[in-house]
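Chain by chain, the residues:
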Amino acid sequence: MQPGGSSDSAAIFQLLADEYARKILLAADRDGPKTAKTLSEECDASLTTVYRRVATLQEYDLIEECSTVDSDGSHRSEFETTLEELHVDVTDGQLSLTMETRDELADNFTDLWRGIRGED
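Taking an unreviewed UniProt entry as the reference, the protein chain is identified by name as AsnC family transcriptional regulator belonging to Natrinema saccharevitans.

If you want it as C-alpha cells, here you go:
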C-alpha cells in the first residue's frame, strides 16, 4: 500500500489499535506460519476472535493464509504475517501510511537482480 488512501490508512490505524489484531499479527510472525488454534492459544483469544481478526488483517494484506497437507493427507490452514515495514509520515498536518510486505520486498529484489543481469 502506498500513501494516499486516507480511509484505508484510518482503517489500518484502527485495526492496529485493536489488541487482539496486534497480538495475532506478531504471533503469526514468530517461528513461521501458525494455525488458528495455535494463534488462539498464544494470543489468549477464542477461535472466533482469531478468525475475525485474521479475516480483517487479510483484507489489508497484513497476513496471508497457506494451506498445508499433513502426513495423513488432511489439509489445514496456517497464517503468516506479510507485513515487513510500516511507515507513518506527518506532513502539512496530514498522516500518511506506507506499508511494505514481504512479497513486495521479494519482487523488488527480483527486479533488482534482473536489472543487474540486464534482463527486462
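In terms of helices and strands, the protein chain carries five helices and four strands. Going from the N terminus to the C terminus, the protein chain shows its helices and strands as α-α-α-α-β-β-β-β-α. Within the protein chain, the fraction of its 120 residues that count as buried is 28%. Sequence-distant contacts in the protein chain: of pairs separated by 6 or more residues, those separated by 24 or more amount to 44%.

The residue Q58 is located in helix α4 (residues 47-59) in this model. Residues Q58 and F79 lie 21 residues apart in sequence; the distance between their C-alpha atoms is 9.6 Å.

We now examine the pairing of strand β2 (residues 75-81). For a regular strand, side chains alternate in direction, first toward one face of the sheet and then toward the other. Examined bridge by bridge, strand β1 (residues 63-69) and β2 share seven bridges and lie antiparallel to one another. Looking at β2, one finds that C66 is bridged to E78. In sequence, β1 turns back onto β2 through a hairpin of five residues, with G73 there showing a positive phi of about 90°.

At a minimum axis distance of 10 Å, the contact between helix α2 (residues 19-27) and helix α3 (residues 36-43) shows a crossing angle of 120°. Judged by the angle between their axes, α2 and α3 are oblique. Pair α2 / α3 crosses with right-handed handedness. The segment α2 lies against α3, with Y20, K23, I24 and A27 engaging L39, E42 and C43. Residues of the contact of α2 with α3, tallied by class, amount to five nonpolar, no polar and two charged.

One pass over the structure, following the stated rule, counts six salt bridges. Notably, a salt bridge pairs E42 with K34, separated by 3.0 Å at the nearest N-O pair. Residue class for K34 comes out buried when judged on its relative accessible area of 7%. A salt bridge links D70 to R76; the shortest N-O distance between them is 3.4 Å. Of the residues examined, D70 reaches a relative accessible area of 29% and is grouped as partly exposed. Each member of the salt-bridge network shares a partner with another, and the members are R30, K34 and E42.

With that settled, the discussion passes to the nonpolar core. Among the nonpolar cores identified, the biggest contains 23 residues, and I24, L39, L62 and I63 are the most heavily contacted of them. Secondary-structure elements contributing two or more residues to this core are α1 (6-17), α2, α3, α4 and β4 (94-101). Residues contacting L39, with those up to four places away along its chain left out, are I24, A27, A28, K34, V50, V54 and F79.

Rules of the game
- Residues numbered from 1 in each chain as written.
- Predicted model: local features only at pLDDT ≥ 70, side-chain atom pairs only at ≥ 80, totals over all residues.
- Heavy atoms only, no water.
- Helix = DSSP H or I, 4+ residues; strand = E, 2+ residues; numbered from the N terminus.
- Buried < 20%, exposed > 50% of the residue type's maximum accessible area, 1.4 Å probe, protein only.
- Contact = heavy atoms within 4.5 Å.
- Pairing = 2+ DSSP bridges.
- Axes fitted to C-alpha atoms, helices over the stretch in contact; angles between N-to-C directions.
- Parallel < 35°, antiparallel > 145°, perpendicular 65-115°, else oblique.
- Left-handed = near helix turned anticlockwise from the far one by under 90°.
- Nonpolar A, V, L, I, M, F, W, Y, C, P; charged D, E, K, R; others polar.
- Salt bridge = Lys/Arg side-chain N within 4 Å of Asp/Glu carboxyl O.
- Core = buried A, V, L, I, M, F, W, Y, C linked by side-chain atoms within 4.5 Å.

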